[in-house]
Amino acid sequence: MNILILAFIIYLLYSLLPTAYYKWFKVDVVRDLGDTCKIALTFDDGIDGIYTDKLLDLLLKYDIKATFFIVANTVMGNEDILKRMVSEGHTIGLHSLEHKTALLVSHMYTKDDFRTSIEIMKRCGVDIRYYRPPWGHINLFTLKNIYQYNLKLILWNVMVGDWKKRATVEEIENRLLRDIDSGSIICLHDGRGRDEAPKRTIEALKRVIPVLKDKGYEFVNMESIYE
Ligand SMILES: [Zn+2]
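Basis of the calculations
- Counting restarts for each chain: residues are numbered from 1 in the order of the written sequence.
- Local features in a predicted model are, by the rule used here, given only for residues with pLDDT of at least 70; side-chain atom pairs are given and counted only at 80 or more, and totals for whole chains, interfaces and linings are based on all residues.
- Side-chain numbers here rest on the full set of heavy atoms in the structure, without hydrogens or water.
- Axis definition: a line fitted to C-alpha atoms, over the contacting stretch in the case of helices. Angles run 0 to 180 degrees between N-to-C directions.
- Numbered from the N terminus, helices here are DSSP runs of H or I no shorter than four residues, and strands are runs of E no shorter than two.
- Oblique is the label for any angle not covered by the other classes, which are roughly parallel (under 35 degrees), roughly antiparallel (over 145) and roughly perpendicular (65 to 115).
- Handedness of a crossing is defined here by the sense of rotation of the near helix relative to the far one, left-handed for an anticlockwise turn of less than a right angle and right-handed for a clockwise turn.
- Contacts were defined at the residue level, with two residues in contact if any of their heavy atoms lie within 4.5 Å.
- Any two rings among Phe, Tyr and Trp, with Trp reduced to its six-membered ring, count as a pair given centres within 6.5 Å; such a pair is stacked if its planes are under 30 degrees apart, edge-to-face if over 60, and tilted if neither.
- Only protein chains enter the calculation, and the probe is 1.4 Å; a residue is then buried if its accessible area is under 20% of its type maximum, exposed if over 50%, and partly exposed in between.
- Sodium, potassium and calcium take a 3.2 Å donor cutoff, other metals 2.8 Å, and in both cases only N, O and S atoms count; water is not among them, so sites may look incomplete.

**Q** Mind showing me how you'd approach the packing of helix H2 (residues 51-61) against helix H3 (residues 79-87) here?
**A** For any two helices packed against each other, one specifies the crossing angle of their axes together with the interaxial distance. Their axes nearest at 10 Å, the elements H2 and H3 cross at an angle of 15°. As summarised for this structure, H2 and H3 are arranged roughly parallel, according to the angle between their axes. Remark: the crossing between H2 and H3 carries left-handed chirality. For the pair H2 and H3, contact is made by Thr52, Asp53, Leu56, Asp57 and Leu60 and by Ile81, Arg84 and Met85, respectively.

**Q** In this structure, what is going on with the packing of aromatic side chains? I would like to understand it.
**A** Given two aromatic rings, their pairing is described by the distance between the two centres and the angle made by the two planes. Inspection of every chain in the model, using the stated rule, returns 6 aromatic pairs. Seen in terms of ring centroids, Tyr14 and Phe141 are 6.0 Å apart; in terms of plane orientation they differ by 55°. Their pairing is tilted. Pair noted here: Tyr14 is in helix H1 (residues 3-25) and Phe141 is in helix H5 (residues 140-148), with a separation of 127 residues, a long-range link. Here Phe114 and Tyr131 contribute two aromatic rings whose centre-to-centre distance is 4.7 Å and whose plane-to-plane angle is 40°, an arrangement assigned as tilted. Remark: Tyr131 occurs in strand S4 (residues 130-131) and Phe114 occurs in helix H4 (residues 107-123); sequence separation between them is 17 residues. On the basis of relative accessible area, Phe114 is assigned to the buried category, the value being 1%. Taken together, the ring pairs in this structure connect Phe114, Tyr131 and Tyr149 into an aromatic cluster.

**Q** Help me understand the coordination of the zinc ion in this model?
**A** Looking at the zinc ion, the protein donor atoms are Asp45 (OD), His95 (NE2) and His99 (NE2), and they sit 2.0 to 2.1 Å from it. In terms of primary sequence, the donors binding the zinc ion are separated according to D-x49-H-x3-H. Side by side, His95 and His99 carry an identical accessibility label, which is buried.

The values are spatial; any link to function lies outside them.
Quick look at the structure:
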């Protein structure tokens, strides 16, 4: 067999098929909350030294418990923000060590990614139970580590492109109001955004949260969904 075809088949089995399986079929990675009017705000890519605190202020104002999928190498220097998240009742999940795609990394890299991230979190007193891979990409060893550390893989069913450089506050607001429905697991971003993207995410949420509250939605975090 042509070596290139063989390499492609291995790559397909290693990461493309596992990623496609979870991203397309969403088997057990988006909890069906049924017709309960429950929705979950989740935030990826932080901790951000500027915006995460502002987001926490907004969530506190409306007494909303959310879920933060944190990039572990952002914790250093932001330990107080992490402590604040915990003390204000948010769920802390993991979003890898340094936000690399699992499609292109080895077994050893994946193993070290999980081990180091979980150690960083443990040193801050946080026991990680939920994992969201960057871009939703996984490889076979991502799954192995998720199983080994007894984590729950969480994806999303609402994503509005709030991280994009050109996404305006109005666009984010309109897409959220259009797409959110009972049972939505909403993926937003409080870090890594281009051109102050998290600022626009927060501004959009300031407009959207009161509307959703008026509609009767209840905001839940992963802990209240899974425990
Ligand atoms: Zn991410």
